[in-house]
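Listed below, chain by chain, are the residues.
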Amino acid sequence: MSALASAPWLVIVVPLFAGVFIAVFGRNFRGAAWAAVLAPLSALACGVSALASPGASGSVAWLAAGGRVLEVGYSVDALSAIMLVVVGTVGLAVVVFSTAYMAGDRGWTRYFALLCVFTASMAGLVIADGLLGLFIGWELVGACSYLLIGFWFERPSAASAAMKAFLVTRVGDAAMLVGLALLWRETGSLSFATVLHAVPAMPTATVTAVALLLFAGAAGKSAQFPLHIWLPEAMEGPTPVSALIHAATMVAAGVFLVARVWPVFAAAPVAREVMLAIGVVTALGAASVAITQTDLKRVLAYSTISQLGIMFAGLGAGAWRAAFFHLVTHAAFKALLFLGAGSVIHATGSQELSELGGLWRRMPVTAATWCVGAAALAGLPPLSGFWSKDGVLDAVWRVSPVWGSALILVSMLTAWYVTRATVLAFGGERRSGSAAHEGGLATTVPLVVLACLAAGLGAVRRPLAEALGGEAEPAAIALMVGVTLVAALAAFAAWRTYRSGPEADGRVSSRLGPIWRWAGEAYGVDTVLSGFARVTVPAVARALHDSVDRRVIDGAVEGTAKGARRAGGLVSALQSGDAQWYAALMAAGVIVMLALGTWVSR
Amino acid sequence: MSVIVLCAALFSIGLYGVLTRREVVAVLACAEVMLGAATVQAMAFAAGRPDAAQGQALGVVLVALAAAEAAVGLAVVVAVARSSGRSRVEDLTEVRG
């Protein structure tokens, strides 16, 4: 423990070593899971020990360019430590759950090796002492996400979903890299200490530009509108991966980034306004899409986008501690919901809500823990989601009642869609398929542990805020009661509507009319963006091909060849094959040399 | 001085022949003239010096060399004429670039 506190870089080395170890043993290494447990365990141990004694840091010079030196290093403060605990806890639950979920899969060792590499990358992102190290980890978790979404790469849909996730997040990452370059130009450093210290002296326009560019990176990673289109398709990956990467940790890295460089955003009110607007729009849009989805995992995916939107709304409202607290509780209850969905999918082989139903009798543990997660997501007291969502809502309401009302609407929709999914999957009678049954201990223990966390994490609200150097705001009672009532009513209404089965979708859609259809297509954002990319990318490519590639690059290559041939033609005219011509040239040469020699020596 | 002029004239005549004659045998003969001019010149330069014998020895060597050169050159000309039926300089351009 003390070794981990003084050398937190072990949290990168141990998982990485475990991953390499598993990979070296090859395809049939049954013990891969045992080695893989080391990865989240080290993150958890490091996080806990760092919570007890934060402040370890160190760095090495990586590259010297002129007078400036690029440094990478680690620095573990309370924010990193809490994030490490989140990664470790969820990671541990996911690894244990995966031993059951992935049993018998041909990619068993590849799966666990990738989980280890992901943990190492995520730990690197979290403990980095500068934007450079953070960006390296940022890209590495993106790569791991790509590899795990496309885990079953022989399925074309998985391969294309992985590609899409990689490319869409790359758009945000490109903007983020520009932001980093801007900071580097302004301050000559990328370490948090230097950069954040220099922020007050920077012109507002620069700070705003940096903040917006960093937010663009965060929006790509955290699936905020309009870069959210990759997350629903990322559900092609194995469900435990969705729980770990695409619900609890990696997609929350955007929120973590903004919290980490908070002074930049504190000095950029315009960027905060943008963040607030995008957060609320994302939360509302994704929540309304979630009520129409018929695929259990897609409901959860849109729910994740919506909850991340709530976090960004909180950041935009200036309440970064509240937003980060929501990140922590969301990690617990959303990982729980995803693992519950994994348990259902593993037992029934289906994730279509219309094919499930009646599972509470067959799978009581999954059903009970799912209900805890669903209630936490819906924000029912006294579960964790209630406290964290309320904190964000309160902050947003103070900034702007308009955006606040929109978030109350989001709470209502959230309660509705999660109740709908719960009732359709677990309630009523089994609609199709063979007998499903509860998994073994490897399935149920992670669910129970996460359910306890999802229920009880509200208790850490005050200590967490204090660890982050602030204090928990006293909640506005009227707002709390109002939102809870709205959510409870929505949940009750959804239960009454969907008690009869999935056919109720027809009644709801006829009531909502075109809005339902529009929401069902996710408002066509994907179609518009894909269409835009499909038109513009080839057009730009063709223009570049015609101008730069044909003229400049091919021109240079072919020009060199043509020049050599022409020069050869000129010189070969001298080679007539006539011996007397050679002799004459030789004589002329000798005469010239003699003349030169005479002239020089004169 | 007059020897230098004589040799220069001989050398130039030989060079002129080498560059202008069309018959390979004539070109070879002109090359002999050039070599002869060089030989005479070498012996003339050596004449007034204490080691004049060296110059005369060089003259003998050069005559022998000229004989060997003529023998090899004529043999090549005969061989080329036999194999291709050509003995004029302007026809022998196989190595044109």
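Asker: What's the story with the overall build of chain B in this structure? I'm lost.
Answerer: On a plain count of helices and strands, chain B comes out with 3 helices and 0 strands. When the helices and strands of chain B are placed in sequence order, the string is α-α-α. In terms of overall dimensions, chain B is more spread out than a globule: its C-alpha atoms have a radius of gyration of 16 Å, far above the 13 Å expected for 97 residues. Taking the principal axes of the C-alpha coordinates as reference, chain B spans close to 50 × 25 × 25 Å. Counting across all 97 residues of chain B, residues that qualify as buried make up 9%. The contacts of chain B with a sequence gap of at least 6 include a subset with a gap of at least 24, amounting to 43%.

Asker: I tried to follow the overall build of chain A on my own but got confused; where do I start?
Answerer: Regarding its fold elements, chain A presents 27 helices and 2 strands. Looking at chain A as a whole, 51% of its 602 residues are labelled buried. Pairs at least 24 residues apart make up 81% of the contacts formed inside chain A by residues separated by at least 6 positions.

Asker: Honestly, the nonpolar core in this entry has me stumped. Any pointers?
Answerer: One recurring pattern in soluble globular proteins: nonpolar side chains tend to sit buried together. All names here are of chain A. If you look at the biggest cluster of nonpolar residues, it comprises 203 residues, and the most contacted ones within it are A36, L84, V255, A313, A323, A335 and A454. Considering every element that reaches this core, the biggest residue donor is helix α16 (residues 320–348), with 18 residues. Contact partners of V255, with chain neighbours within four places excluded, come to S222, L308, M311, F312, L315, A323, F324 and L327.

Asker: Got a minute to help me understand the interface of chain A and chain B in this structure?
Answerer: By a frequent convention, interface size equals the accessible area lost on bringing the separate parts together. Listed per partner, the contact involves 10 residues of chain A and 11 residues of chain B. Here the residues of the side of chain A that touches chain B are counted per class, giving 4 nonpolar, 5 polar and 1 charged.

Asker: Quick question: what am I supposed to make of the packing of α16(A) against helix α18 (residues 364–378) of chain A here?
Answerer: Between two packed helices, both the angle of their axes relative to each other and the distance between the axes serve to describe the pair. Residue and element names in this part refer to chain A. Look at α16 against α18: their axes get within 9 Å of each other, and the N-to-C directions meet at 145 degrees. Crossing hand, α16 versus α18: left-handed. Residues F333, L336, L337, G340, S343 and V344 of α16 pack against T366, T369, W370, G373, A374, A376 and L377 of α18. Residues belonging to the contact of α16 with α18 are distributed by class as follows: 8 nonpolar, 5 polar and no charged.

Asker: In this structure, what is going on with the packing of helix α11 (residues 239–248) of chain A against α16(A)? I would like to understand it.
Answerer: Residue and element names in this part refer to chain A. One can describe the packing of α11 onto α16 by two numbers: an axis separation of 8 Å at closest approach and a directional angle of 160 degrees. By the angle between their axes, α11 is roughly antiparallel relative to α16. By crossing handedness, the relation of α11 to α16 is classed as right-handed. Between α11 and α16, the contacting residues are T239, P240, S242, A243, L244, A247 and A248 on the first element and A331, K334, A335, F338, L339, A341, G342 and I345 on the second.

Asker: Would you take a moment to explain α16(A) for this structure?
Answerer: Turn by turn, an α-helix covers 3.6 residues, leaving residues three or four places apart pointing in a common direction. All names here are of chain A. For α16, with 29 residues, the first-to-last C-alpha span of 41 Å sits near the 42 Å given by 1.5 Å per residue. A maximum bend of about 25 degrees is found in α16 at H330. Extensive coverage of α16 is indicated by the burial of 27 of its 29 residues. Following α16 by one or two positions, G349 adopts a phi angle in the positive range, close to 75 degrees.

Asker: Is there a simple way to think about the environment of D173(A) in this case?
Answerer: All names here are of chain A. Secondary-structure assignment places D173 in helix α7 (residues 156–187). Taking the C-beta count within 10 Å as the criterion, D173 has 19 such neighbours and is therefore assigned partly exposed. Linking D173 and G220, residues 47 residues apart in sequence, is a C-alpha distance of 7.1 Å. With sequence-adjacent residues up to four places away left out, D173 is seen in contact with E139, G217 and G220.

Asker: Hey, could you run me through the confidence of the model for chain B in this one?
Answerer: The predicted structure's coordinates, where accompanied by low pLDDT, should not be read in detail. Residues and elements named next belong to chain B. Overall, the predicted model of chain B reaches an average pLDDT of 86, with 97% of residues at or above 70. Taken element by element, the predicted model of chain B shows its lowest mean pLDDT in helix α3 (residues 52–84) (88) and its highest in helix α1 (residues 2–20) (91). Here the prediction assigns the complex a pTM of 0.77, and the interface score ipTM is 0.82.

Cut-off values and rules
- Residues numbered from 1 in each chain as written.
- Chains lettered and ligands numbered in written order.
- Predicted model: local features only at pLDDT ≥ 70, side-chain atom pairs only at ≥ 80, totals over all residues.
- Helix = DSSP H or I, 4+ residues; strand = E, 2+ residues; numbered from the N terminus.
- Rg over C-alpha atoms; globule rule 2.2 N^0.38 Å.
- Buried ≥ 20, exposed ≤ 12 C-beta atoms within 10 Å, placed from the backbone.
- Contact = placed C-beta atoms within 7 Å.
- Core = buried A, V, L, I, M, F, W, Y, C linked by C-beta atoms within 7 Å.
- Nonpolar A, V, L, I, M, F, W, Y, C, P; charged D, E, K, R; others polar.
- Axes fitted to C-alpha atoms, helices over the stretch in contact; angles between N-to-C directions.
- Left-handed = near helix turned anticlockwise from the far one by under 90°.
- Parallel < 35°, antiparallel > 145°, perpendicular 65-115°, else oblique.
- Expected span 1.5 Å × (residues − 1).
- Bend = angle between axes of the 7 residues up to and from the residue.
- pLDDT = per-residue confidence, 0-100.

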